[in-house]
Amino acid sequence: MSDTQTMIENRPPTVAALFLERVAATPDAEAYRYPVPAAGGQGPDEWKSLSWGQAAERVFAVAAGLIDLGVQPEERVALASNTRVEWILTDLGVMCAGAATTTIYPSTNAEESSYILADSTSRVLIAEDAAQLAKAREHRAALPELAHVVVVETADAVPAEGDPEGWVISLADLEARGKEYLAKHPAAVKDRISAITADQLATLIYTSGTTGRPKGVRLPHDNWSYMAKATVATGMIGADDVQYLWLPLAHVFGKVLTSGQIEVGHVTAVDGRIDKIIENLPVVQPTYMAAVPRIFEKVYNGVVAKARAAGGAKYKIFQWAADVARQYAKVSQDNFRRTGKASVPFALSTKHKIADALVYSKLREAFGGNLRAAVSGSAGLAPEIGFFFSGAGIHILEGYGLTESSAASFVNPGEAYRTGTVGKPLPGTEVRIADDGEILLRGPGIMEGYHGLPEKTAEVLESDGWLHTGDIGELSADGYLRITDRKKDLIKTSGGKYVAPAEVEGQFKAICPYVSNIVVHGADRNFCSALIALDGPAILGWAAENGLEGKSYAEVVAAAETNRLIETYIQTLNEGLQRWQTIKKFRLLPRDLDVEHGDLTPSLKLKRPVVEREFKHLIEEMYEGSREA
């Protein structure tokens, strides 16, 4: 048996047990860094640290506080908060109490938050601030099981008239209560941890879903223990790493990152404020971080826009450097695949060194200067954007998984990564491709099922453990997976031709630096069309240089000049497509797609039905007068 197999098969039953092992092994080592805003918001944040021992004190206090509140094993404790160090500490506290965390995105509206709290029968809600407290209070009458709301921001833990006594408490009070409980019952938390079984519920994550009500995905303790061991077994992270964690921890991807960190004990800098990413990177200087493709697309669009604004020779140098980066990445990856060495011809290597000095080094500095690798998941990254970053020394390792498979089922293996694929399966995970191209998964990361929905569970989970992912993919001879589309998103034109929208959309994002989102349409139509949302800063920057300065976003996208600009990129796209894939018509949307309008999930996945429903008039306009076959 290999060392990897031994490590995975001999895993502890729970992450709570893994946490105890980590604290015992390196109590004084730095575990977490977190920002404390300057007084009055003036000046830079001050970053503070917690050692593993200090983190354990707070985790145990939270766990004991929950036990004192009467929370029983497997009972649900909901967490509605942005990513911050308290999210991690309270989640670990919930698990160490033997309870199960129900995650709620802070952007979720009051009605859906209430649905999740009710469906999960959560006994306690840990709310970040007054805004999250208000959502629970609005629907309190429909939540008889919700006994307490614990508020992280102490100043916001203000009871209101009509609240039951003790319904609202602060996190500080919960921890104080826990310390008092531990003084009387010092073994209480460790006893709870030792009693947890591998198949006991640890996390209930509600899929944000692109259609319908969210479904609660039941993930037992063993899933996270497996993920901790398997992700480390890939060699992706090590004890000396510094992770910058800003992804929403309500998403399953974030949970994998926290589990792997506990296994190796590296430092994690935690700050979920999206608007602080650019400011934080040079401060944190991460060696690795995870993101969703939209972040890399925005960085790419921003770099292109900045180069274009510089004009003349500088823009030409950037275009040349971008072409060199892509060539370099493709040749080196291809050679590594064939020979095991990422070698490139001398002439290309020389060009790359010049381009590195002029362009790439500045890009790496913007990421903090120490970034060894970035992990991308949740949706597909356009390969041409991936090749650009790869050639510039920003190595993006794409991965793949579902909430139903604990997020990380595939990941690209370090030096041997292949842009355009999601890599190889994690050790212990099986994969096969069904006759219709659907990806099926089996292994220790697969969910127990959907909470209270046995019929829905049976639709996707076979009795022998194979999970139907709903994604279409192809496996290479040596085990690399390429995702081609969502099974339900494949469209068939009225001419009988199948089109994978995501493939066409990804190609357009690599061609057009002004696009934010694109939705390809064409099911049962005689040609394909597209709804296109433009990136605000990028298109307004272009507008200022092309006679449209001072115009609003809506005015710019409505202008004939903007339409002609995007038309040129559509023509370039079409030159590389099969005839039946080409975009015959398009419309620019009056606003960008976002989470607030319900166009995107909180993890920035496109909700096609929502977008097509809202902008149905534009779709119908494109097909007016066309003859349907």
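Quick note: structure is the one above.
Criteria and thresholds
- Residues numbered from 1 in each chain as written.
- Predicted model: local features only at pLDDT ≥ 70, side-chain atom pairs only at ≥ 80, totals over all residues.
- Heavy atoms only, no water.
- Helix = DSSP H or I, 4+ residues; strand = E, 2+ residues; numbered from the N terminus.
- Buried < 20%, exposed > 50% of the residue type's maximum accessible area, 1.4 Å probe, protein only.
- Contact = heavy atoms within 4.5 Å.
- Areas by Shrake-Rupley, 256 points an atom, 1.4 Å probe, with all protein chains shown as cover.
- Lys, Arg positive; Asp, Glu negative; His and termini not counted.
- Charge placed at Lys NZ, Arg CZ, Asp CG, Glu CD.
- Pairing = 2+ DSSP bridges.
- Axes fitted to C-alpha atoms, helices over the stretch in contact; angles between N-to-C directions.
- Phe/Tyr/Trp six-rings, centres within 6.5 Å; stacked < 30°, edge-to-face > 60°.
- Lys NZ or Arg CZ within 6 Å of the ring centre and 35° of its normal.
- Arc of directions from axis to C-beta.
- Disulfide = S-S within 2.5 Å.
- Salt bridge = Lys/Arg side-chain N within 4 Å of Asp/Glu carboxyl O.

## Remarks on the overall build of the protein
- Secondary structure assignment for the protein yields 22 helices and 26 strands.
- If one aligns the C-alpha atoms of the protein with their principal axes, the spans along those axes are about 75 × 60 × 55 Å.
- Looking at the 629 residues of the protein, the share that counts as buried comes to 55%.
- If you take every contact in the protein between residues at least 6 apart in sequence, the share linking residues at least 24 apart comes to 67%.
- Element-wise, carbon and sulfur atoms account for 52% of the exposed surface of the protein, whose accessible area totals about 26100 Å².
- One way to put it: in the protein the 65 positive side-chain charges average out to a point 5 Å from where the 80 negative ones average out.

## A short note on the side chain of E297
- Residue position: E297 is located in helix α12 (residues 293–310).
- Owing to a relative accessible area of 3%, E297 belongs among the buried residues under this scheme.

## Thoughts on the sheet that holds strand β18 (residues 438–442)
- The strand order across the open sheet formed by four strands is β17-β18-β20-β21, and the pairing between neighbours is antiparallel. Looking at the sheet topology across the chains shown, the edges are occupied by β17 (430–433) and β21 (481–486). With direction set aside, neighbouring strand axes in the sheet form an average angle of 50°.
- Note: β18 against strand β20 (residues 467–475), three bridges, orientation antiparallel. Paired with E438 across the bridge in β20 is I472.

## Points about the packing of aromatic side chains
- Applying the stated criterion to the full structure yields ten aromatic pairs.
- Taking 6.4 Å as the distance between ring centres and 90° as the angle between the ring planes, the aromatic pair formed by F367 and F389 counts as edge-to-face. Highlighted residues: F367 in the loop between α14 (346–366) and β13 (373–376) and F389 in helix α15 (residues 383–391), separated in sequence by 22 residues.
- Using a relative accessible area of 0% as the deciding quantity, one classes F389 as buried.
- Among the aromatic residues, those joined into a cluster by ring pairs are F296, Y300, F318, F367, F388 and F389.
- Just above the ring of W224 sits the side chain of K255; from NZ or CZ to the centre is 5.3 Å.

## A short note on the sheet that holds strand β25 (residues 528–534)
- If you trace the three strands from one edge of the open sheet to the other, you get β24-β25-β26, paired in mixed fashion. Across the chains shown, the open sheet's two edge strands, defined by having one partner strand only, are β24 (515–521) and β26 (583–588). The sheet shows a mean angle of 25° between the axes of neighbouring strands, direction not considered.
- Bridging between β25 and β26 involves five bridges; their strand directions are parallel. Paired with C528 across the two strands is I583, which belongs to β26.
- Against the sheet, helix α22 (residues 616–623) contacts β24, β25 and β26, and its axis sits at roughly 140° relative to β25.

## What to know about α22
- Restricting attention to buried positions, one finds in α22 the residues L618, I619, M622 and Y623. One side of α22 carries all its buried residues, which in axial view fall inside an arc of 135°.
- Considering only its buried residues, α22 is in contact with β24, β25, β26 and α21 (608–614).

## Details of the state of the cysteines
- This model, assessed by the stated rule, comprises zero disulfides.
- Looking at C512, it has no disulfide partner, and the nearest cysteine sulfur is the one in C528, 18 Å off.
- Under the relative-accessibility criterion, C528 is labelled buried at 0%.

## Topic: the pattern of salt bridges
- Counted under the stated rule, the structure contains 34 salt bridges.
- Linking E175 and R58 is a salt bridge whose minimum nitrogen-to-oxygen distance equals 2.8 Å. Within this pair, whereas E175 is found in helix α7 (residues 171–184), its partner R58 is found in helix α3 (residues 52–68), the two being separated by 117 residues in sequence.
- The partner of R418 in a salt bridge is D478, with the nearest N and O atoms 2.5 Å apart. One end of the pair, R418, is in the loop between β15 (410–411) and β16 (424–425); the other, D478, is in the loop between β20 and β21, and 60 residues separate them in sequence.
- For D478, a relative accessible area of 35% gives the class partly exposed.
- The network of salt bridges with common partners includes D45, D271, R273, K276 and E279.

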